[in-house]
Amino acid sequence: EAGVTQSPRYAVLQEGQAVSFWCDPISGHDTLYWYQQPRDQGPQLLVYFRDEAVIDNSQLPSDRFSAVRPKGTNSTLKIQSAKQGDTATYLCASSFSRISNERLFFGHGTKLSVL
Amino acid sequence: GDQVEQSPSALSLHEGTSSALRCNFTTTTRSVQWFRQNSRGSLINLFYLASGTKENGRLKSAFDSKELYSTLHIRDAQLEDSGTYFCAVGTGGYKVVFGSGTRLLVSP
């Protein structure tokens, strides 16, 4: 069974540039999470979906960040105008909430550097 | 807001010794998970608990939902156990919040 797939693995931007991260969850997993992990910190929840619906995006900086999961499978997280403070690893996780509640399985992450 | 505190923040062990990591939370939780993050950044799910205890090899975890804490015991530590250990709690509605981690270094 394939795990959670994320791309790209790395991204380097200048301030003000845009970037998109893509996540393919484990097949059949209905819940998908995006976390931001700054260096030497724990993952911080940005947004999560149940199927195609956003359940909680209260921690997503809405002026520059957006996330979608239009068909309830793959998801895209976009930063419209990156800032140096966005430098972090962006992690995607999925779970099969109908069976295993919120046991999370993570992708390898996308490491973003904003210069 | 939700708060998850882990202790200690860092820990050094010699091979063959044992220790415990702790996770305290300030809100009622329905589940706790423990992860290990390796040097490449991959997060591996070690345990998911809705109650009680679970054991897997040299690792054992317990969850006390009334006293609002969880522990992860590492027995007979090995070099490959080095990494950062995170606990994460399910606070309802499938929301999962992480602690700040415990950095473990196992040396010969």
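A. Representation of the interface of chain A and chain B in the model. Residue-level contacts link 21 residues of chain A with 20 residues of chain B. Note on chain A versus chain B: buried area summed over both sides is about 1800 Å², and carbon and sulfur give 48% of it. Summed over the three residues of chain A that lose the most area to chain B, namely Glu 102, Arg 103 and Phe 106 of chain A, the buried surface amounts to 31% of that side. Applying the counting criterion to the chain A and chain B interface returns 3 salt bridges. Taken together, the links from chain A to chain B amount to 14 residue pairs in polar contact (both at pLDDT 80 or more). Residue assignment for the side of chain A that touches chain B shows that the elements contributing at least two residues are strand 4 (31–37), strand 5 (44–50), strand 6 (53–56) and helix 1 (97–100) of chain A. Residue composition of the side of chain A that touches chain B, by class: 9 nonpolar, 7 polar and 5 charged.

B. Examining the state of the cysteines more closely. On inspection of all chains with the given rule, the structure shows 2 disulfides over all chains. Put simply, Cys 23 of chain A and Cys 92 of chain A are joined by a disulfide, and their sulfur atoms are 1.9 Å apart. Looking along the S-S bond of the Cys 23 of chain A-Cys 92 of chain A disulfide, the torsion reads about -70°, which is the left-handed sense. Taken together, the residues Cys 23 of chain A in strand 3 (residues 19–24) and Cys 92 of chain A in strand 9 (residues 88–95) connect sequence positions 69 residues apart. Cys 23 of chain B shares a disulfide with Cys 87 of chain B; S-S distance 2.0 Å. Since a negative S-S torsion denotes a left-handed disulfide, the Cys 23 of chain B-Cys 87 of chain B link at about 65° is right-handed. With a gap of 64 residues between them, Cys 23 of chain B in strand 3 (residues 19–25) and Cys 87 of chain B in strand 9 (residues 83–92) connect regions that are remote in the sequence. Overall, the relative accessible area of 0% leaves Cys 23 of chain B in the buried class.

C. Local environment of the sheet that holds strand 8 (residues 69–74) of chain B. Residues and elements named next belong to chain B. Within the open sheet, the 5 strands sit side by side as 1-3-8-7-6. Their pairing is antiparallel. Whereas interior strands pair on both sides, the edge strands pair on one side only; in this sheet they are strand 1 (4–7) and strand 6 (52–56). When the angles between neighbouring strand axes are averaged without regard to direction, this sheet yields 15°. Pairing geometry for strand 7 (residues 59–64) and strand 8, over 6 bridges, is antiparallel. Paired with Leu 59 across the strands is Ile 74, a residue of strand 8.

D. Quick peek at the packing of aromatic side chains. If you walk through the whole model with that rule in mind, you get 11 aromatic pairs over all chains. The interplanar angle of 35° and the centroid separation of 5.3 Å between the aromatic rings of Phe 35 of chain B and Phe 98 of chain B together place this pair among those described as tilted. One end of the pair, Phe 35 of chain B, is in strand 4 (residues 31–37); the other, Phe 98 of chain B, is in strand 10 (residues 95–98), with 63 residues separating them in the sequence. Summarising the burial analysis for this pair, Phe 35 of chain B and Phe 98 of chain B share the class buried. With 6.3 Å between their ring centres and 70° between their planes, Phe 86 of chain B and Phe 98 of chain B make a pair best called edge-to-face. Residue Phe 86 of chain B is found in strand 9, and its partner Phe 98 of chain B is found in strand 10; the two are separated by 12 residues along the sequence. In terms of burial, Phe 86 of chain B and Phe 98 of chain B fall into one category: buried. Taken together, the aromatic side chains of Tyr 33, Tyr 35, Tyr 48 and Phe 106 of chain A together with Phe 35, Phe 86 and Phe 98 of chain B make up a single cluster linked through ring pairs. Here the guanidinium or amino end of Arg 22 of chain B rests over the ring plane of Tyr 69 of chain B, the centre of that ring lying 3.9 Å away.

E. Layout of the nonpolar core. Core analysis: the biggest nonpolar cluster contains 23 residues, and Phe 21, Trp 34, Leu 77, Ile 79, Tyr 90 and Leu 112 of chain A have the highest contact counts within it. Among the elements of the structure, strand 2 (10–13), strand 3, strand 4, strand 5, strand 7 (65–68), strand 8 (75–79), strand 9 and strand 11 (110–114) of chain A are those that each provide at least two residues to this core. Residues Phe 25, Val 32, Trp 34 and Val 89 of chain B belong to the second largest nonpolar core, which totals 22 residues.

F. Representation of the pattern of salt bridges within the structure. Residues and elements named next belong to chain A. With the rule as written, the count across this model stands at 6 salt bridges over all chains. Asp 30 is the salt-bridge partner of Arg 50, the closest N and O atoms lying 3.0 Å from each other. Taken together, the positions of Arg 50 in strand 5 and Asp 30 in the loop between strand 3 and strand 4 put the pair 20 residues apart, joining distant regions of the chain. On the accessibility criterion, Asp 30 (2% relative accessible area) is buried.

Analysis parameters
- Residues numbered from 1 in each chain as written.
- Chains lettered and ligands numbered in written order.
- Predicted model: local features only at pLDDT ≥ 70, side-chain atom pairs only at ≥ 80, totals over all residues.
- Heavy atoms only, no water.
- Contact = heavy atoms within 4.5 Å.
- Buried area = accessible area lost by both parts, 1.4 Å probe.
- Salt bridge = Lys/Arg side-chain N within 4 Å of Asp/Glu carboxyl O.
- Polar contact = N/O pair within 3.5 Å; in protein donor to acceptor, adjacent residues only side chain to side chain.
- Helix = DSSP H or I, 4+ residues; strand = E, 2+ residues; numbered from the N terminus.
- Nonpolar A, V, L, I, M, F, W, Y, C, P; charged D, E, K, R; others polar.
- Disulfide = S-S within 2.5 Å.
- Buried < 20%, exposed > 50% of the residue type's maximum accessible area, 1.4 Å probe, protein only.
- Pairing = 2+ DSSP bridges.
- Axes fitted to C-alpha atoms, helices over the stretch in contact; angles between N-to-C directions.
- Phe/Tyr/Trp six-rings, centres within 6.5 Å; stacked < 30°, edge-to-face > 60°.
- Lys NZ or Arg CZ within 6 Å of the ring centre and 35° of its normal.
- Core = buried A, V, L, I, M, F, W, Y, C linked by side-chain atoms within 4.5 Å.

Treat this as a map of the structure, not an account of what it does.
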